[in-house]
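Descriptive structure summary
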Amino acid sequence: MAAEKLRDLSQPIDVPLLDATVAAFYGTGSKEERSAADHILRDLQSNPDMWLQVVHILSNTQNLNTKFFALQVLEGVIKYRWNALPTEQRDGMKNYISEVIVTLSSDDISFRRERLYVNKLNIILVQILKHEWPVRWRSFIPDLVAAAKTSETICENCMAILKLLSEEVFDFSRGEMTQQKIKELKQSLNSEFMLIHELCTYVLAASQRPELIRATLATLHAFLSWIPLGYIFESPLLETLLNFFPGPAYRNLTLQCLTEVAALKFGDFYDGQYVKMYTIFLGQLQAIVPLTTNFVEAYANGSSEEQAFIQNLALFFTSFFKNHIRILESSPENINALLMGLEYLINISYVDDTEVFKVCLDYWNSLVLELFEAHLDPDHLGSDITTGMQTPMIPGMVDGLGSQLLQRRQLYAVPMSKLRLLMICRMAKPEEVLIVEDENGNIVRETMRDNDVLVQYKIMRETLIYLAHLDHEDTEKQMLSKLSKQLNGEDWSWNNLNTLCWAIGSISGSMMEDQENRFLVMVIRDLLNLCEITKGKDNKAVIASNIMYVVGQYPRFLRAHWKFLKTVVNKLFEFMHETHPGVQDMACDTFLKIVQKCKRKFVVMQIGENEPFVSELLTTLPATIADLESHQIHSFYESVGHMIQAESEPSKRDEYLQRLMQLPNQKWAEIIGQARQSVDYLKDQDVIRAVLHILQTNTSAATSLGTCFLPQITILFLDVLNVYRMYSELISTTIAQGGPYASRSSMVKLLRSVKRETLKLVETFLDKAEDQPHIGKQFVSPMMDPILGDYARNVPDARESEVLSLFATIINKYKGTMIEDVPKIFEAVFQCTLEMITKNFEDYPEHRLKFFSLLRAIATHCFPALIRLSSEQLKLVMDSIIWAFRHTERNIAETGLNLLLEMLKNFQASEFSNQFYRTYFLTIEQEIFAVLTDTFHKPGFKLHVLVLQHLICLVESVFLTEPLWDAATVPYPYPNNSVFVREYTIKLLSSSFPNMTPVEVTQFVNGLFESRLDFASFKNHIRDFLVQSKEFSAQDNKDLYAEEAAAQRERERQRMLSIPGLIAPNEIKDEMVDS
């Protein structure tokens, strides 16, 4: 009854009843009461006339939650329907909200009491302003300033409104408003700023009320980044701010304002004012915190205000130096002030707080990059870059720019040296290090990667490499001196040794080779000594981890020094018997990394040796791997595979391979022998595990050996297929007899692991085998029945998704030669997989992705096979593609869209172009618009745009020679396809977006046709439409700009490749031929 009364909006709503409903929703009553209240409130919210009750509700309720509910309804109307409302309703609401705000903020008591409510009303007012101002509410700023002068509390609230407005226009507008609207609002704010500026200066000069001063400073902080510069530098504003700085109550807010000013950069017109501001500020700062302050302790023991002050200081110095350091450098009287500021910043950089350190690190990175790039210019430098930074100043040696560079280097020599020490002491942990100290002070294996630390490591590594280039001698001296303090115990601690070794490893590739050799001989010798003399299992694990990290970073050194390489590898073999958590894993990882870069060294005869190292290794292999776990053994086999692959003589290579695989082959022969006696032997769980381990070992070796693995896989292949078939039948009977839960039993899981590993082994080998087209045929035909036939025969739960990826790999590898086999593949997997994955979007996620990857391989390389499909089968393919890109799972949606693009391009070039597009053009267009505008598929934005661009270009091209419309159902004959598609698209969008006017929709569709040939403007046109349609406001829209971000990343990578050491030697994809 009550619900019906509330839902009847033909008369003023019963406010006490609404209060009771809202109270029931937020209350602690029964679940049923809350649910019923929720239903009523949702119904009211979705009723288009509900907003007409807002004024009545706000005037008659005292309940804050009810007020918020009413404002929520109003916010929806303002966002989506405001421009469609009659003028008198808009004006009425605008005036009402303004009056309530003025009434509540006119006296101190009601303003404090109703603070939350007033804040929400302010937000609503700013939302209205985004539509009304400046065109329909020209007097807004003058009205606001006039109101502010009537009382201090109103003034405080006006400041809050101005701050919100500035943030909405300048900070949060991207993706919220069209480009044109943002431009309009920015111009209005700029032109009317004079009134706001007068108000702010008046308040700061005259008011004694702390809250008002704080509100004004906060508003100024929001405005300073964009206001015309004259208001800052040609008025007393800066002076006023500096006067407020020493007072503890306003210190942080003032410092934030000064930081905004420091961040501005517009030519050199105001340089004098900047220098003056900096020197006055520095004088005041020394009185508050002298340079001798221990910032680490001050931060650790400080209040939250004091901690914020230290962080704000870091922000001020970094902003000022980023934009104005050159002015301070250029005159001798300011150099001391500059060096003092840098000293402050280095001291703050030691503070143990991630956010503070990030701010400082970001600046240090940009400063050393700038210094480094100046020295990189070969016209002024000659070979100086490699000789270090402190070059003596010989009079007349260099002139002009060269002498400036040298002076600049000398100016920064001392701060840079202190910065090197900071980087070495605070170096972050690299990805390769698996051994860490836990919160209880124990040394353990890392269980989860910390991405923040990895990002920090990358920036620190880059910074340290620039610092090393600026002065190699100082870098080397600081590192070796810290290392000697580790050896003599003066500075020994896990953390100190770790950060030092991480720093040493991180500058790999930045030194000239002879210098690197000299440096590393000392480093490795000292670390090995440290390992010998230090007692205690934990200590040894830390040192071992550091030795492994450092040697893994310097492949060039190891290639040039066989004795060191051999010692290091034998040391790794020693660590492979060390059972401390993480040590064996790291030893295997480092072994793999070193072998990949030095593989030739292990197969050639070295001076003073009786046989190549690989032969010696294969002899002692059983003892070396005795203490390793399965996954470590697999990694070891992959490493040795790399060595064997580097042997160029086929007979030796085959002999090494046979010796490497001796252990698993013996075990395999034993198992198959037993199975021939009694097939039940293969059903024993321990035997199944042994089979799995053998297959995994083979896969690891195949990964690195590629084509050279052929002799080994030939021995196993047919037996493996028989085991596959047998295990498959066993799985099917177990599931058939055991019911729905049988597929989750440990036995079935184990059997399926063997099947998967078999498929992975074949896929790995075929993928890695280069230039061997005959291999494909040799292996594909025996697999047709045991693998493909088995997939089709199995129950869905027993089908391995790896079958799909195996055949995708085969088709991608052997391309058109597979056309004859496509119908068989299709027959075996298509229908039965589709039935599994089209029931919903959740089941069989692996099959989904791999199925669409297989389809894409077929569409790309064997397209003629698709044309031969019947129209029913082709319809299934197209339906499945649409199904794919409707997925919210990003990988599947992207694979579906890429596949769709392949199909569209291939069909456009085929003789069936007209037939195909007549059947599918409109469906595809409709489906693409659906995912483009539904906000769940933003990551696919670029591909959606590409598909639309293809369709629209096609309509305007010569490829389509027949009408796209069906003459039987469309009575009106269109002059051409272009007119038909325009009209269809306008109808489609008008019905989907009733909130847009027909003119707006027509403009958008015409714009699509006009911009179709320029992808960038086509894409921007669609972006603006998404904002206009209101589907994409108030959300994270970075995916709409993903392509621009990717291009930026590629430019950055090319830059890094040009600087020695910036991309670690291990990450450069070269063969590093080291014969």
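In terms of regular secondary structure, the protein chain is built from 51 helices and 2 strands. The buried share among the 1075 residues of the protein chain stands at 53%. Expressed as a percentage of contacts within the protein chain between residues at least 6 apart in sequence, the contacts between residues at least 24 apart total 74%. Here the protein chain displays about 47,800 Å² of accessible surface, and carbon together with sulfur accounts for 54% of that area. Distance between charge centres in the protein chain, computed from 104 positive and 135 negative side chains, equals 2 Å.

Turning to unusual backbone geometry, a few remarks are in order. Most peptide bonds are trans, and most residues other than glycine sit at a negative phi. For the peptide bond that leads from W133 to P134, omega is 0 degrees, which places it in the cis range. If you trace the backbone, P134 turns up in the loop between α8 (115–132) and α9 (140–148). A positive phi angle is found at K815, which is not glycine, with a value near 40 degrees. Of note, K815 is situated in the loop between α40 (802–814) and α41 (822–837). K815 gets classed as partly exposed once you look at its relative accessible area, which sits at 42%.

Another aspect to go through is the pattern of salt bridges. For the structure on display, the rule yields 54 salt bridges. Salt-bridge contacts for R752 lead to E800; the nearest nitrogen and oxygen are separated by 2.9 Å. Of this pair, R752 sits in helix α38 (residues 746–768) while E800 sits in the loop between α39 (773–793) and α40, placing them 48 residues apart in sequence. Using a relative accessible area of 1% as the deciding quantity, one classes E800 as buried. Residues K755 and E800 are paired through a salt bridge, measuring 3.9 Å at the closest nitrogen-oxygen approach. On the criterion of sequence distance, the pair formed by K755 in helix α38 and E800 in the loop between α39 and α40 is long-range, its members being 45 residues apart. On the accessibility criterion, K755 (1% relative accessible area) is buried. Taken together, the salt bridges that share partners define one network made up of R752, K755, R756, D790, E800, E802, E846 and K850.

Relative orientation of the contacting elements helix α32 (residues 613–624) and helix α34 (residues 650–660) amounts to 20 degrees, with a least axis distance of 10 Å. By the angle between their axes, α32 is roughly parallel relative to α34. Here α32 and α34 pass one another in a crossing that is left-handed. The residues of α34 that touch α32, namely those facing V614, S615, L618, T619 and L621, are Y656, R659 and L660. Here the residues of the contact of α32 with α34 sort into 5 nonpolar, 2 polar and 1 charged.

So, about the side chain of E114. The topology assignment puts E114 in the loop between α7 (108–113) and α8. The residues touching E114, leaving out its near neighbours within four places in the chain, are K67 and L104.

Bringing helix α3 (residues 31–46) into the picture now. For α3, with 16 residues, the first-to-last C-alpha span of 23 Å sits near the 22 Å given by 1.5 Å per residue. Three or more residues of α3 are buried, namely A37, I40, L41 and L44. When α3 is viewed along its axis, its buried side chains cluster within an angular range of 95 degrees and face the same direction. Away from the buried face of α3 by more than 90 degrees, exposed residues K31, E32, R42 and S46 are located.

Our next topic: the side chain of R752. R752 gets classed as buried once you look at its relative accessible area, which sits at 12%. Excluding residues within four positions of it along the chain, R752 makes contact with I731, D797, A798, R799 and E800.

Glancing now at the packing of helix α10 (residues 152–170) against helix α13 (residues 210–223). Contact geometry of α10 with α13 gives a least axis separation of 9 Å together with a crossing angle of 20 degrees. Taken together, the axes of α10 and α13 are roughly parallel relative to one another. In the crossing of α10 with α13, the sense of the turn from one axis to the other is left-handed. The segment α10 lies against α13, with E152, C155, E156, M159, A160, L162, K163 and S166 engaging E211, L212, A215, T216, A218, T219, A222 and F223. Class assignment for the residues of the contact of α10 with α13 results in 9 nonpolar, 3 polar and 4 charged.

This brings us to the confidence of the model for the protein chain. Looking at the protein chain, pLDDT values average 87 and 93% of them are 70 or higher. Ranking the elements of the protein chain by mean pLDDT puts helix α22 (residues 378–381) last, at 43, and helix α33 (residues 630–645) first, at 96. Residue range residues 1031–1036 is modelled with pLDDT below 50. Its contacts to residues more than four positions away, or to other chains, number 22 contacts. Counting contacts from residues 1071–1075, a segment whose pLDDT is below 50, to residues more than four positions away or on other chains yields 13 contacts.

This structure, assessed with the given rule, holds 51 aromatic pairs. Measuring from centroid to centroid gives 5.6 Å for F765 and F779, while their planes differ by 65 degrees, and the two rings are edge-to-face. Taken as a pair, F765 in helix α38 and F779 in helix α39 lie far apart in primary sequence, 14 residues in all. F779 carries the same exposure label as F765, and that label is buried. Seen from their ring centres, F826 and F830 are 4.5 Å apart, and the 15 degrees between their planes marks the pair as stacked. Separated by 4 residues within a single helix, F826 and F830 lie in helix α41, roughly one turn from each other. For the pair F826 and F830, a shared accessibility class is recorded, and that class is buried. The ring of F357 has R426 sitting right over it, with the charged end atom 4.1 Å from the ring centre. We note R982 situated over the ring of F1009; from NZ or CZ to the ring centre the distance is 4.2 Å.

Procedures and definitions
- Residues numbered from 1 in each chain as written.
- Predicted model: local features only at pLDDT ≥ 70, side-chain atom pairs only at ≥ 80, totals over all residues.
- Heavy atoms only, no water.
- Helix = DSSP H or I, 4+ residues; strand = E, 2+ residues; numbered from the N terminus.
- Buried < 20%, exposed > 50% of the residue type's maximum accessible area, 1.4 Å probe, protein only.
- Contact = heavy atoms within 4.5 Å.
- Areas by Shrake-Rupley, 256 points an atom, 1.4 Å probe, with all protein chains shown as cover.
- Lys, Arg positive; Asp, Glu negative; His and termini not counted.
- Charge placed at Lys NZ, Arg CZ, Asp CG, Glu CD.
- Salt bridge = Lys/Arg side-chain N within 4 Å of Asp/Glu carboxyl O.
- Axes fitted to C-alpha atoms, helices over the stretch in contact; angles between N-to-C directions.
- Parallel < 35°, antiparallel > 145°, perpendicular 65-115°, else oblique.
- Left-handed = near helix turned anticlockwise from the far one by under 90°.
- Nonpolar A, V, L, I, M, F, W, Y, C, P; charged D, E, K, R; others polar.
- Expected span 1.5 Å × (residues − 1).
- Arc of directions from axis to C-beta.
- pLDDT = per-residue confidence, 0-100.
- Phe/Tyr/Trp six-rings, centres within 6.5 Å; stacked < 30°, edge-to-face > 60°.
- Lys NZ or Arg CZ within 6 Å of the ring centre and 35° of its normal.

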